[in-house]
Amino acid sequence: MTTTNPSAEAESFDIPVQGMSCASCVGRVEKAIRSVEGVTAANVNLATERAHVSFAQDKADPKAVAEAIRTAGYEPTESHAELAIRGMTCASCVARVEKALKRAPGVLDAHVNLATERASVRYLGGTEVVGRMIEAVDATGYEAEEVRQDAERTDRERATRETEIAALRRSLALAAILTLPVLMIEMGSHLVDAIHDWVMNTLGHRTSWYLQFALTTLVLFGPGLRFFKKGVPALLRRAPDMNSLVVLGTSAAYAYSVVATFLPDLLPASMANVYYEAAAVIVTLILLGRFLEAKAKGRTSEAIKRLIGLAPKTARVIRNGEASEIPIDQVRIGDIVQVRPGEKVPVDGEVVDGSSFVDESMITGEPVPVQKLEGSEVVGGTINKTGGFTFRATRIGADTVLAQIIRMVEQAQGSKLPIQALVDRVTAWFVPAVMGAAALTFAVWLIFGPDPAITFALVNAVAVLIIACPCAMGLATPTSIMVGTGRAAELGVLFRQGEALQSLKEIGVVALDKTGTLTKGRPDLTDFVTAPGFSEDETLRLVAAVEARSEHPIAEAIVAAAERRSMTLPATDGFEAVPGFGVSATVEGREIHVGADRFMRTLGLDTATFAETAARLGAEGKSPLYAAVGGRLAAIVAVADPIKESTPDAIAALHALGLKVAMITGDNRKTAEAIARRIGIDEVVAEVLPEGKVEAVKRLRQTHGRIAFVGDGINDAPALAEADIGIAIGTGTDIAIESADVVLMSGDVRGVVNAIALSKATIRNIGQNLFWAFAYNVLLIPVAAGVLYPFDGTLLSPMAAAAAMALSSVFVVGNALRLRRFKAPIEVRQENLPAAQPAGASA
């Protein structure tokens, strides 16, 4: 699996980049950024329109990166942050804070105002840069917090996207209005006799050309000017992109028509034709494609928008004995927050009073509300259903679970899959190759084509330039990643590494930790069988009274079972623990003994009465205990870590996917094998220490191929890191989650099945997109060049080429959006797990 270098990660940030329209743009921006001194990696994503830049330690120079992007012909989008600064008293304080801010990676400029106690900062990057600003200010001895919230940032990004869509809509409408008369005059006169007669007899042939010239000029240098602004500088830099192809195609048709209109003597009489309609319609159709693509791309990030939209804007905080509504950014750790029925939980915390049921589906994917009592953990953004409660804030701002989820999804959406490397290599030479193909087409038709040869040469060369669409290639992978990872987050599956999307579908074996993953992670009373003449409730009450004096985990499970039945435990006298045997005490005047069979034998009691039950418990991997009341054998007891209700279904579903399933545990072999038999595990590795789990992962990889390891405890972290794909149960420890590629937000191991299914669906979707993008060009470029003409006279007009080009990009994005409707193959529900897993509890 992929590991992250912490120091490298500390010197990286994301830069929004405007003006990219195709995969060749991506390659040029990446090349420009990598040329900057100190840059160690650059990853540009066309769908998110962001560049992820990593620097060597202490080498971050955002201004140089921004300048490199501008030099390449694109525009890095600067962001603006307002920070509230506390602790400043004089001008020297201002200077120190400004200096600290300007040193933060990603910051372009900073101005601090002592009177308002605010810092205004221009920067490149996302929320991670703001976090570093705050850290830099804190390190100088002052306090800082961001004034703007994630929701406001999202509103700003949405406004930018909507502004772009609105501009495209206006350009498209104007282009369509101006193009329609051109199309009617030129094409209509060829197809409809009445229009031909009107043009010739009323408007006049030469006048119709003048009118077409005027309207087409307005189209090209009005709505179509955006292509020239990007395409011409790219040509001058010898780095042509999709805009360059549009400029060359439309300019060729337009220039030829202008010559035919105003300087007809330069052309043979038979070749003095105009192609204004081709130039105008091409611009209009490509604008239509850009407009539809922009709208569709806006929908690919809806999962992130919905997640950010879950964050409440205010919180009801109790301070000085009074409750008041305050902005969410003013909540502090330790604040007592009040939540009423129907309200959202503002931040993460721990319930201190009251009880309720909370809808946590946005975190776990589980639709059934979870009961919250005193001591329960609550998560910001979840919805309180029935009751009211107060809780103590434990995590705020960027540290909340919701903020971490958003950060993980954004990182996964911006990552590149290994499959993208092939696309990058192809698109690096694609546009120059298309220009070469167009030049060759022009030459071949000019030399070998029928009369008028120059007309055939021009039309077919323009068609080749227009039909080629690296846009679809560049969008094929990132749009599917964005939609797939967003849908996964809605199902409670977080891909911390985008690469896991591709790797997960290639695994041959899934290895699972036992305790806390396959089982509930805590001992529970599973069997309590009484001898004839003894009441189950009465016997349990007496046994639990004795065990309440013990600190053994088995004792805790027996006491917990009694408490669940609302039993009041009587007092005990003379409690005694006999190591290796059991415990005894006097309860309500009766001697109570609880322990192993050998303890019963020392008391002169025969356990043969329970021989059949003991044999069954042994086969299930449980160690039976016995209880004696008043000198008589009263009950046989078994305590075990119960298997989660969801586990058998998950194992069966993994087998249905054709995967081998292994269990790796530190538990004794007898117990492990008994559990494996019950739930259908193929292979068991038992009695291993944490380092032994790493060796077990290596052995399983050698036998079965690529391996995914699923765990939740601290001692699972090494194995999660060693596996090709580490999958952490989200209810486990933070260390396990940080070591994983995929996090299941619920405690349900069936999420593994859904993660694999979604991985396969996403990669299948990417494959469909790439096939369409490449096959489209492989098939249609030769057709546009005219290879079918000698056989059946087929030629592709530039207008048809423009329509097909626009359609290819819209198809790719539309196909990716189908992942939003992905249905989980198996329902996941939140298990009834403890609020926190004890450190190292996993076996």
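Just so it is clear, the model here is predicted, and its values are computed rather than measured. (Residues numbered from 1 in each chain as written. Predicted model: local features only at pLDDT ≥ 70, side-chain atom pairs only at ≥ 80, totals over all residues. Heavy atoms only, no water.)

With that settled, consider the nonpolar core. Across soluble globular proteins, nonpolar side chains show a tendency to be buried alongside one another. Counting 156 residues, the largest nonpolar core has I33, L101 and M133 as the members making the most contacts within it. Ranked by residue count, the leading element in this core is helix α29 (residues 751-785), at 16 residues. Other than its neighbours up to four places away in sequence, M133 contacts A81, L83, L101, A104, V107, V121 and Y123. Residues A545, I558, A628 and V639 belong to the second largest nonpolar core, which totals 38 residues. (Core = buried A, V, L, I, M, F, W, Y, C linked by side-chain atoms within 4.5 Å. Buried < 20%, exposed > 50% of the residue type's maximum accessible area, 1.4 Å probe, protein only. Helix = DSSP H or I, 4+ residues; strand = E, 2+ residues; numbered from the N terminus. Contact = heavy atoms within 4.5 Å.)

Mapping R541 onto the fold places it in helix α20 (residues 536-547). At 3.0 Å, the side chain of R541 and the side chain of E538 are in polar contact. When residues no more than four places from it in sequence are discounted, the contact partners of R541 are M567, T568, L569, P570 and E588. (Polar contact = N/O pair within 3.5 Å; in protein donor to acceptor, adjacent residues only side chain to side chain.)

A separate point is the sheet that holds strand β20 (residues 524-530). The sheet built from six strands is open, its strands ordered β20-β25-β24-β23-β22-β21 with antiparallel pairing. The sheet is open, and its two edges are formed by β20 and β21 (572-578), each paired on a single side. Mean inter-strand twist for the sheet, computed between neighbouring axes without regard to direction, equals 20 degrees. On top of the sheet, helix α23 (residues 611-619) reaches β20, β24 (624-629) and β25 (632-640); it is set at about 10 degrees to β25, its chief contact. (Pairing = 2+ DSSP bridges. Axes fitted to C-alpha atoms, helices over the stretch in contact; angles between N-to-C directions.)

What follows deals with the packing of helix α24 (residues 647-656) against α29. Taken N-terminus to C-terminus, the directions of α24 and α29 make an angle of 25 degrees; their axes are 8 Å apart at the nearest point. One way to sum up the angle between α24 and α29 is to call them roughly parallel. Along its contact with α24, which presents A650, A653 and L654, the element α29 presents V752, V753 and I756. For the contact of α24 with α29, the per-class residue count stands at six nonpolar, no polar and no charged. (Parallel < 35°, antiparallel > 145°, perpendicular 65-115°, else oblique. Nonpolar A, V, L, I, M, F, W, Y, C, P; charged D, E, K, R; others polar.)

This part covers the confidence of the model for the protein. Keep in mind that low pLDDT regions are not for reading the predicted coordinates in detail. In the predicted model, the protein carries a mean pLDDT of 80, and the fraction of residues at 70 or more is 83%. Scored below 50 in pLDDT, residues 1-10 makes 18 contacts in the model with residues more than four places away or belonging to other chains. Taken as a whole, residues 830-843 scores under 50 in pLDDT and shows 45 contacts with residues more than four places along the chain or in a different chain. (pLDDT = per-residue confidence, 0-100.)

Together, E350, D353, E374 and E377 line one region of the surface with negative charge. By secondary structure assignment, the location of E374 is in the loop between β14 (370-372) and β15 (377-378). (Patch = residues over 30% accessible without salt bridge, like charges linked within 9 Å, V, L, I, M, F, W, Y side chains within 5 Å. Areas by Shrake-Rupley, 256 points an atom, 1.4 Å probe, with all protein chains shown as cover. Salt bridge = Lys/Arg side-chain N within 4 Å of Asp/Glu carboxyl O. Lys, Arg positive; Asp, Glu negative; His and termini not counted. Charge placed at Lys NZ, Arg CZ, Asp CG, Glu CD.)

Bringing the packing of aromatic side chains into the picture now. Tallying each qualifying case throughout the model produces 14 aromatic pairs. Taken together, the ring pairs in this structure connect Y210, F213, F221, F228, Y254, F262 and Y276 into an aromatic cluster. Over the aromatic face of F581 sits the side chain of R598, whose NZ or CZ is 5.7 Å from the ring centroid. (Phe/Tyr/Trp six-rings, centres within 6.5 Å; stacked < 30°, edge-to-face > 60°. Lys NZ or Arg CZ within 6 Å of the ring centre and 35° of its normal.)

Here we come to the UniProt feature "transmembrane region" (unreviewed entry) in the protein. When the UniProt feature table is mapped to this numbering, "transmembrane region" (unreviewed entry) covers residues 171-189, 209-228, 240-262, 274-292, 426-448, 454-477, 770-789 and 795-817. In the segment residues 274-292, helix accounts for 89% and strand for 0%; the C-alpha atoms at its two ends are 30 Å apart. Within residues 770-789, the helical portion is 85% and the strand portion 0%, while the C-alpha atoms at the span's ends are 28 Å from each other. (UniProt positions renumbered as here; feature names shortened; annotations may be inferred.)

Attention shifts here to helix α16 (residues 453-467). Since there are 3.6 residues in each turn of an α-helix, residues three or four apart along the chain are aligned in direction. For α16, built from 15 residues, the straight-helix expectation of 21 Å at 1.5 Å per residue is met to within 8% by its first-to-last C-alpha distance of 21 Å. By the criterion of burial, α16 is predominantly enclosed, with 13 of the 15 residues buried. (Expected span 1.5 Å × (residues − 1).)

With that settled, consider a nonpolar patch on the surface. On the surface, L440, V444, L446, I447 and F448 cluster together to form a nonpolar patch covering roughly 540 Å² of accessible area. Structurally, V444 is set in helix α15 (residues 420-448). Among the residues examined, V444 registers a relative accessible area of 38% and is labelled partly exposed.

Spatially, four strands are ordered β2-β3-β1-β4 in an open sheet, and the strand pairing comes out antiparallel. The two strands at the open ends of the sheet, each matched to only one other strand, are β2 (39-45) and β4 (75-76).

What follows covers the environment of A562. Looking at the element boundaries, A562 is found in helix α21 (residues 553-564). When its relative accessible area of 0% is taken as the criterion, A562 is described as buried. The sequence separation of A562 and L525 amounts to 37 residues, and the corresponding C-alpha distance is 9.6 Å. Residues contacting A562, with those up to four places away along its chain left out, are L540, A544, M567 and L569.

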